[in-house]
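Chain by chain, the residues run as shown.
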Amino acid sequence: MLYSAFILGLISSLHCVGMCGPIAMMLPVDHQNEAKKVTQIITYHLGRLTAYATIGLIFGLLGRGFFLAGLQQKMSIIIGVAMIAAVLIPERIFSKYNFSKPVYKVISNLKSTLGSQFKNKSYKSLFTIGLLNGFLPCGMVYVALFGAIAMQSAGFGVLYMLLFGLGTIPLMTIVVYIHSLLKLPFRNKIQKAIPYVAVVIGVLFILRGLGLGIPYVSPSNMSLFVQGSPDCH
């Protein structure tokens, strides 16, 4: 299922163009020195990947707990349903409950710190911008985290989120060079495709959990996600 992380990242980057694209456009890179600009953009992406790997580790450990408790198949089905629900339930339904309220102050501080980093063109600032960008709330990252939990391993949780992050890099890099990608008609067309991909990945997780004995799609109970014993990494 690791391949689903990269695919989800590629598709999610189309969503990121609208949500995080302005951040990429505002990066304090050197537009006069192309070689330096490339290394600066890479530094920014390394910051984002570090953030994704960190939360992948946390949620991978959570998934490992479910694995050791013998709940891996049930969790895979629940996670698949959650992925589908996350894209099918209207956003206004979630907004009624204001799930982010307990961490609103943290998020506010995060955005404030992120804004201050744009005043500095150092590599440290670019890495910090990427790092903080990676920790900002994002619906598609939440969907990816469901996948990290389903990996049932800290190592695979990190790898899942890294592959997700790598999938977002191509388009997020292009945005730095081609600002026209942020035009509304383009974003609207792409947004329509995202739910379909998330639903397909959710269905794959459900099939995995069912353990129907279908190679690569729904393997038997003993080969679910992590081959071998629980200690396999």
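Residues take numbers from 1 onward in each chain, read along the sequence in its written order. In keeping with the model being predicted, local features are shown solely for residues with a pLDDT of at least 70 and side-chain atom pairs are shown and tallied solely at 80 or more, while totals for entire chains, interfaces and linings include all residues. Neither water nor hydrogens contribute to the side-chain values; these are computed over all heavy atoms in the structure.

**Student:** It is not clear to me how the overall build of the protein chain should be interpreted in this structure. Could you clarify?
**Tutor:** If you tally the helices and strands in the protein chain, you get 11 helices and zero strands. Numbering of helices and strands runs from the N terminus; a helix is a DSSP stretch of H or I covering at least four residues, while a strand is a stretch of E covering at least two. Listing the helices and strands of the protein chain from first to last along the sequence gives α-α-α-α-α-α-α-α-α-α-α. To sort residues, take the accessible area from a 1.4 Å probe on protein chains only and compare it with the maximum for the residue type: under 20% means buried, over 50% means exposed, and anything in between is partly exposed. Split into buried and exposed, the 233 residues of the protein chain put 45% on the buried side. Contacts are residue-level and defined by heavy atoms, with any inter-residue pair within 4.5 Å sufficient. Considering only contacts in the protein chain between residues 6 or more positions apart, those separated by 24 or more positions represent 79%.

**Student:** Explanation requested: the UniProt feature "transmembrane region" (unreviewed entry) in the protein chain in the structure shown.
**Tutor:** UniProt positions are given in the numbering used here, feature names are shortened, and annotations may be inferred rather than shown by experiment. UniProt marks residues 6-29, 49-69, 75-94, 126-151, 157-182 and 194-217 with the feature "transmembrane region" (unreviewed entry), using the numbering shown here. End-to-end, the C-alpha atoms of residues 126-151 are 31 Å apart, and along that stretch the chain is 85% helix and 0% strand.

**Student:** It is not clear to me how the side chain of Thr 43 should be interpreted in this structure. Could you clarify?
**Tutor:** As for its position among the elements, Thr 43 is in helix H3 (residues 34-68). What makes Thr 43 buried here is its relative accessible area of 13%. Each residue touching Thr 43, except ones within four places of it in the same chain, is listed here: Tyr 123, Leu 126 and Phe 127.

**Student:** What exactly am I supposed to notice about the packing of helix H8 (residues 139-150) against helix H9 (residues 154-177) here?
**Tutor:** Lines fitted to C-alpha atoms define the axes here, with helix axes fitted over just the stretch in contact, and angles between the N-to-C directions of these axes take values from 0 to 180 degrees. Running from amino to carboxyl end, H8 crosses H9 at an angle of 145 degrees, the nearest separation of the two axes being 9 Å. By crossing handedness, the relation of H8 to H9 is classed as right-handed. Residue-level inspection shows Met 140, Val 141, Ala 144, Leu 145, Gly 147 and Ala 148 of H8 in contact with H9, the latter providing Gly 157, Tyr 160, Met 161 and Phe 164. Residue classes follow a fixed rule: Ala, Val, Leu, Ile, Met, Phe, Trp, Tyr, Cys and Pro count as nonpolar, while Asp, Glu, Lys and Arg count as charged, and any other residue, Gly among them, counts as polar. Of the residues belonging to the contact of H8 with H9, the class tally is eight nonpolar, two polar and no charged. By definition, turning the near helix anticlockwise from the far helix through less than a right angle yields a left-handed crossing, and turning it clockwise yields a right-handed one.

**Student:** Teacher, can you tell me more about the confidence of the model for the protein chain here?
**Tutor:** Every residue gets a pLDDT, meaning the predictor's confidence in that residue, from 0 to 100. When pLDDT is averaged across the protein chain, the result is 75; 68% of the residues are at 70 or more. Scored below 50 in pLDDT, residues 222-233 makes 28 contacts in the model with residues more than four places away or belonging to other chains.

**Student:** For this particular structure, what's the right way to read the packing of aromatic side chains?
**Tutor:** We describe a pair of aromatic rings using the distance from one ring centre to the other and the angle between the two ring planes. Between the rings of Phe, Tyr and Trp (Trp by its six-membered ring), a pair exists once the centres lie within 6.5 Å; its type follows the angle of the planes, with under 30 degrees stacked, over 60 edge-to-face, and the other angles tilted. Per the stated rule, a full pass over the model turns up one aromatic pair. With 5.5 Å between their ring centres and 75 degrees between their planes, Tyr 52 and Phe 164 make a pair best called edge-to-face. Here the residue Tyr 52 occupies a position in helix H3, and Phe 164 occupies one in helix H9, the gap between them amounting to 112 residues. A residue is classified by how much of its surface remains accessible, and Tyr 52, at 4% relative accessible area, is buried. What makes Phe 164 buried here is its relative accessible area of 0%.

**Student:** When you look at the nonpolar core in this model, what are you seeing that I'm missing?
**Tutor:** In summary, soluble globular proteins display a tendency toward joint burial of nonpolar side chains. Nonpolar core, defined: a set of buried Ala, Val, Leu, Ile, Met, Phe, Trp, Tyr and Cys residues in which side-chain atoms within 4.5 Å join the residues together. Core analysis: the biggest nonpolar cluster contains 26 residues, and Leu 8, Met 83, Val 141, Tyr 160, Met 161, Phe 164 and Phe 205 have the highest contact counts within it. Contributing elements (two or more residues each) for this core: helix H1 (2-19), H3, helix H4 (72-88), H8, H9 and helix H11 (194-210). Each domain's extent is set by a domain assignment, obtained either automatically or from a database. Three or more residues apiece are contributed to this core by two domains, here domain 1 (1-181) and domain 2 (185-223). Judged by nonpolar contacts, the second largest core, of 15 residues, contains Ile 23, Ile 41, Tyr 44 and Val 175.

**Student:** Sorry if this is basic, but what is going on with H9 here?
**Tutor:** Within an α-helix, residues lying three or four positions from one another point in the same direction, as the helix has 3.6 residues per turn. For H9, with 24 residues, the first-to-last C-alpha span of 36 Å sits near the 34 Å given by 1.5 Å per residue. Think of it this way: the bend at a residue is just the angle between two axes, each fitted to seven residues, one set ending at that residue and the other starting at it. Its axis deflected by about 35 degrees at Ile 169, H9 carries its strongest bend there, up to four residues before the proline Pro 170. Each polar contact in these results corresponds to two N or O atoms within 3.5 Å; when the atoms are within protein, one needs to be able to donate a hydrogen and the other to accept it, and residues that are neighboring in sequence are counted only if both atoms are side-chain atoms. At the N-terminal boundary of H9, the capping side chain belongs to Ser 153, with an oxygen 3.3 Å from the backbone nitrogen of Gly 155. For a helix, the expected span equals 1.5 Å multiplied by the residue count minus one.

**Student:** How should a nonpolar patch on the surface be read in this particular structure?
**Tutor:** Candidate patch residues must exceed 30% relative accessible area and have no salt bridge, after which like charges are joined if within 9 Å and Val, Leu, Ile, Met, Phe, Trp or Tyr side chains if within 5 Å. A 1.4 Å probe and the Shrake-Rupley method give the accessible areas. Residues count as covered only by the protein chains that appear here. Counted as salt bridges are all cases of a side-chain nitrogen of Lys or Arg within 4 Å of a carboxyl oxygen of Asp or Glu. A surface patch of nonpolar side chains, about 560 Å² in accessible area, is lined by Val 38, Ile 42, Leu 46, Phe 127, Ile 174, Tyr 177 and Ile 178. In terms of residues, the nonpolar patch owes the most to one element, H3, which gives three residues. Mapped onto the secondary structure, Tyr 177 falls in helix H9. Tyr 177 sits in the partly exposed class, given a relative accessible area of 38%.

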